[in-house]
Amino acid sequence: MDAISIEPMVVKPNGRELMVGVSNDPVFGPVITLGAGGIAVEIMGDRAVALPPLNTTLVKDLIQGTQIAKMLGAFRQMPPIDMAALESVLLRVSEMVCELPMLMEMDINPLIVDEQGALAADARVVVEFRPPNPDRYAHMAIYPYPAHLVRNLQLADGTGVVIRPIRPEDAEIEQEFVRNLSAEPRYFRFMDSMQELSLPMLARFTQIDYSREMALIAVSEEQDKEIELGVARYTINPDGESCEFALVVADCIRGKGLGHTLMIALMDVARSKGLKIMEGEVLNNNVSMLNLMQRLEFTIEASLEDDNIKTLRKAL
């Protein structure tokens, strides 16, 4: 159909015209670009590039990597732009790229930003069919935070908890969680009398590659602060079909079903990744853990390498 579209003219006296783009690199997958927009896009050649997923820090770095960033503050007679609005646009574009594998290209040009916010005056989107993949982020070079796994649950006694994947920002509550464990569960978990996690261990436990491992933590909120109550994690073995798990629950909430809830959630994630076997090792005298694993229908056998350890295994 031959037709025209009639729209009101956008008048933004203090507006700066930007261009936000999405393209797909054959090696790195989705790429997000930012630069000067409007009629200046080809003349200035201003472009900064970032790989999603973006967070607030990466967005700020992306903006500062452009030449037009110098014009986003107070400039001549114009007030500074609403920087939070621009950052929000870039974060939302990053979310689109992560969650929509069919999004191949996108140009928002111009994106007009001023002291009142951001407005997309024109946009172009190219989509392409991709066959379904059990890994929803297979199209990404960097695995994003799996926000779809965040769940609000109630334990049998009515205690409300949030179960979610761990984040690098959780280092403080993870360290506090380990410090507050009594000697026995701490030894059962680490098979060591350590009092707290070393900095390398803390980084290793919180800065994880979600494509190769998972750590689900249970948290509650007390006085506007998150408190970690338990964590279940797995790491995929080199065979790509099995994983090794670990579980620990805070002393204050033991016996309320949190360990069972975390393990069910962890096994669900492992299945969704196509894993077939979950296995682990537990000390012989860790009776509560062995009882829990028995209820979850893990096979329990004596270790061939250490008489003090039981090996656990379950087909997913």
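Residues numbered from 1 in each chain as written. Predicted model: local features only at pLDDT ≥ 70, side-chain atom pairs only at ≥ 80, totals over all residues. Heavy atoms only, no water.

Draft legend 1. Fine view of helix 3 (residues 83-99). For helix 3, spanning 17 residues, the distance from its first C-alpha to its last is 25 Å, which sits close to the expected 24 Å at 1.5 Å a residue. Inspection of helix 3 places Ala85, Leu86, Glu87, Val89, Leu90, Leu91, Val93, Ser94, Val97 and Cys98 among the buried residues, and these make up the whole buried set. Where the residues of helix 3 are buried, they touch strand 1 (16-25), strand 2 (29-36), helix 2 (56-64), strand 4 (103-114) and strand 5 (117-120). (Helix = DSSP H or I, 4+ residues; strand = E, 2+ residues; numbered from the N terminus. Expected span 1.5 Å × (residues − 1). Buried < 20%, exposed > 50% of the residue type's maximum accessible area, 1.4 Å probe, protein only. Contact = heavy atoms within 4.5 Å.)

Draft legend 2. Region of the structure containing the domain arrangement of the chain. Splitting the chain by domain gives domain 1 (16-127) and domain 2 (147-315). With centres defined by C-alpha atoms, the gap from domain 1 to domain 2 works out at 39 Å. (Domains from an automatic or database assignment.)

Draft legend 3. Quick peek at the environment of isoleucine 309. Assignment of secondary structure puts isoleucine 309 in strand 14 (residues 309-315). For isoleucine 309 and glutamate 281, which are 28 residues apart along the polypeptide, the C-alpha to C-alpha distance reads 6.4 Å.

Draft legend 4. Spatial organisation of the pattern of salt bridges. Evaluation of the coordinates by the stated rule reveals 16 salt bridges. Residue arginine 92 is joined to glutamate 95 by a salt bridge in which the shortest nitrogen-to-oxygen separation is 2.9 Å. Placement of both arginine 92 and glutamate 95 in helix 3 is noted, with a separation of three residues, approximately one turn of the helix. Looking at arginine 92, the relative accessible area reads 37%, which means it is partly exposed. (Salt bridge = Lys/Arg side-chain N within 4 Å of Asp/Glu carboxyl O.)

Draft legend 5. A look at the packing of helix 4 (residues 171-180) against helix 6 (residues 199-206). Between helix 4 and helix 6, whose axes approach to 10 Å, the crossing angle comes to 115°. Crossing handedness for the pair helix 4 and helix 6: right-handed. Between helix 4, through Ala171, Glu174 and Gln175, and helix 6, the contact on the second element is made entirely by Leu202, Phe205 and Thr206. Of the residues that constitute the contact of helix 4 with helix 6, the class distribution is three nonpolar, two polar and one charged. (Axes fitted to C-alpha atoms, helices over the stretch in contact; angles between N-to-C directions. Left-handed = near helix turned anticlockwise from the far one by under 90°. Nonpolar A, V, L, I, M, F, W, Y, C, P; charged D, E, K, R; others polar.)

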